[in-house]
Amino acid sequence: MISNLHSFLTEYFELHDCQVIQENTTEMEVKLTRELDQVLMNRPFYWHYMDKLGREGDPMSIHLDTSLEKKDNQKEWIHYGSPRLHQIFQHIQQNAKFTILYEETNGQTKTSLMPWLIVNVMIHYCGKQKRDAIYSVGVHLINGVIQTNMMERFDQLSFSRQMTDYSYTISPIIKPVSGFRRAYQYVENHLFIEDFSWVEEAKETLQEELDLLEYFYQQKDNVELLEKERERLTDRLEPRINLEVINAGLFYLTEQTSKQVINH
């Protein structure tokens, strides 16, 4: 599971050619590109005006705080469930469902690149207390090894959409579709061993609310309204888990990097 939202955001902004100024481990200043300004900052009139004048325009900068709790500072607190993060996930889903990237090498010696399928999955925990989590799962498409926290492992690596000179890829033995199934199954299996005490708590709360609802509507004799309220309560409080694929990618890593990922 991605516990470091900061790393995830840094990766996202850098992949979209934004200038990321790291202030500390939980705060960042980002100079947006025009594309991300249009996606995140809701300034359609400004960009329409710039286009009419034939000007490039000036994308904004944003200051983000990824702390677990909101601080008393001038930065925007971004966290799982925040509108800003929802915007980013929507943009990823709409524009970057699947990508192919190659680890950059020195371009001077022959270097083989191993295929890894990376799948980022959002887990939505619904019920009394809603929360979200991200699993970043990698499947080695040669030997089938599965690793987690893949996006965090890539923090210090450089990737390109084109291979560096003298690099060549090793053909996958495991088909990407099969690798995707394995990654998804891995996430599902991991969910089965989690602490499910929250499920029982959510069920108890739901039943208490339904009992109270029944008692209240006994006095009113309005069956249709009672049924609507039951549906509303159940939709809000019934415990369930939804899996949502954010994106996936085929990453070609050097043999050395692959070994580091497997042995880490």
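Everything here concerns the structure above.
Remember, it's a predicted structure, so these values are computed and weren't measured experimentally. (Residues numbered from 1 in each chain as written. Predicted model: local features only at pLDDT ≥ 70, side-chain atom pairs only at ≥ 80, totals over all residues. Heavy atoms only, no water.)

Chemist: Can you lay out the overall build of the protein chain for me, pointing to particular residues and giving the numbers?
Modeler: Assigned secondary structure in the protein chain consists of 9 helices and 11 strands. In terms of overall size, the protein chain is more extended than a compact globule, its C-alpha atoms giving a radius of gyration of 23 Å where 264 residues would be expected to give roughly 18 Å. Residue burial in the protein chain is summarised as follows: out of 264 residues, 41% are buried. Counted over contacts in the protein chain with a minimum sequence separation of 6, partners at least 24 positions apart contribute 69%. (Helix = DSSP H or I, 4+ residues; strand = E, 2+ residues; numbered from the N terminus. Rg over C-alpha atoms; globule rule 2.2 N^0.38 Å. Buried < 20%, exposed > 50% of the residue type's maximum accessible area, 1.4 Å probe, protein only. Contact = heavy atoms within 4.5 Å.)

Chemist: Requested: an account of the pairing of strand E3 (residues 61–65), with residues and values cited.
Modeler: Summarising the sheet, strand E2 (residues 27–31) and E3 pair through 5 bridges and their orientation is antiparallel. Bridge pairing in E3 links Val30 to Ile62. Summarising the sheet, E3 and strand E4 (residues 76–77) pair through 2 bridges and their orientation is parallel. Each bridged residue has a counterpart across the sheet, and for Leu64 the counterpart in E4 is Glu76. (Pairing = 2+ DSSP bridges.)

Chemist: Explain a negative patch on the surface to me, and be specific about the residues and the numbers.
Modeler: A surface patch of like charges, here negative, comprises Asp195, Glu200, Glu201, Glu204, Glu208, Glu209 and Asp211. In this fold, Asp195 is placed in the loop between helix H6 (176–192) and helix H7 (197–218). (Patch = residues over 30% accessible without salt bridge, like charges linked within 9 Å, V, L, I, M, F, W, Y side chains within 5 Å. Areas by Shrake-Rupley, 256 points an atom, 1.4 Å probe, with all protein chains shown as cover. Salt bridge = Lys/Arg side-chain N within 4 Å of Asp/Glu carboxyl O. Lys, Arg positive; Asp, Glu negative; His and termini not counted. Charge placed at Lys NZ, Arg CZ, Asp CG, Glu CD.)

Chemist: Pulling in residues and values, what's your account of the pattern of salt bridges?
Modeler: If you walk through the whole model with that rule in mind, you get 8 salt bridges. Linking Asp51 and Arg34 is a salt bridge whose minimum nitrogen-to-oxygen distance equals 2.9 Å. Residue Asp51 is located in helix H3 (residues 44–53), and its partner Arg34 is located in helix H2 (residues 34–40); the two are separated by 17 residues in the primary sequence. On the basis of relative accessible area, Asp51 is assigned to the partly exposed category, the value being 45%. Arg34 sits in the partly exposed class, given a relative accessible area of 28%.

Chemist: Would you mind going over the sheet that holds E2 in detail, with residue names and values included?
Modeler: As a general point, the strands of a sheet are linked pairwise by backbone hydrogen bonds and lie either parallel or antiparallel. The strand order across the open sheet formed by 4 strands is E1-E2-E3-E4, and the pairing between neighbours is mixed. With one partner strand each, in any of the chains shown, strand E1 (19–22) and E4 form the two edges of the open sheet. Strands in contact with helix H1 (residues 5–15) are E1, E2 and E3; relative to E2, the strand with the most contacts, it is inclined by about 10°. (Axes fitted to C-alpha atoms, helices over the stretch in contact; angles between N-to-C directions.)

Chemist: A description of the packing of H7 against helix H8 (residues 223–237) should follow, citing residues and the corresponding values.
Modeler: Relative placement of two packed helices is described by the angle separating their axes and the distance separating the axes. The interhelical angle for the contact between H7 and H8, taken along N-to-C directions, is 165°, at an axis separation of 10 Å. In terms of axis orientation, H7 runs roughly antiparallel to H8. In this structure, H7 meets H8 at a crossing whose hand is right-handed. Side by side, H7 and H8 meet where Ala202, Thr205, Leu206, Glu209, Leu210, Leu213, Glu214 and Tyr217 of the first sit next to Leu225, Leu226, Glu229, Arg230, Leu233, Thr234 and Leu237 of the second. Class assignment of the residues belonging to the contact of H7 with H8 gives a composition of 9 nonpolar, 2 polar and 4 charged. (Parallel < 35°, antiparallel > 145°, perpendicular 65-115°, else oblique. Left-handed = near helix turned anticlockwise from the far one by under 90°. Nonpolar A, V, L, I, M, F, W, Y, C, P; charged D, E, K, R; others polar.)

Chemist: Help me get a handle on H1, residues and values and all.
Modeler: Counting buried positions along H1 gives 9 out of 11 residues, so the element sits mostly inside the fold. Along H1, the positions that sit buried rather than exposed are Leu5, His6, Ser7, Phe8, Leu9, Thr10, Glu11, Tyr12 and Phe13. Downstream of H1 by a residue or two, Asp17 has a phi angle that is positive, lying close to 65°.

Chemist: How would you summarise the nonpolar core if you had to cite specific residues and measurements?
Modeler: In globular proteins that are soluble, nonpolar side chains generally tend to be buried together. Ranked by size, the top nonpolar core spans 23 residues in total, and within it Leu9, Phe13, Val30, Leu32, Ile88 and Phe89 carry the most contacts. Every element with two or more residues in this core is listed here: H1, E2, H2, E3 and helix H4 (83–95). Ranked by the residues each element gives to this core, the list is headed by H1, at 5 residues. Excluding residues that lie within four positions of it along the chain, Leu9 makes contacts with Met28, Leu64, Thr66, Ile78, Leu85 and Ile88. (Core = buried A, V, L, I, M, F, W, Y, C linked by side-chain atoms within 4.5 Å.)

Chemist: Break down the environment of Glu255 for me, with residues and values.
Modeler: The residue Glu255 is located in helix H9 (residues 255–263) in this model. Overall, the relative accessible area of 39% leaves Glu255 in the partly exposed class. When the C-alpha positions of Glu255 and Ser112 are compared, they lie 6.8 Å apart, and in sequence the two are 143 residues distant. Residue contacts for Glu255: discarding those within four places in its chain leaves Ser112 and Met114.

Chemist: Can you lay out the side chain of Arg84 for me, pointing to particular residues and giving the numbers?
Modeler: Relative to the helices and strands, Arg84 resides in helix H4. When its relative accessible area of 13% is taken as the criterion, Arg84 is described as buried. A polar contact of 2.8 Å, which involves the side chain of Arg84, links it to the side chain of Gln87. Not counting residues within four places of it along the chain, the set of residues in contact with Arg84 comprises Leu40, Met41, Glu76 and Ile78. (Polar contact = N/O pair within 3.5 Å; in protein donor to acceptor, adjacent residues only side chain to side chain.)

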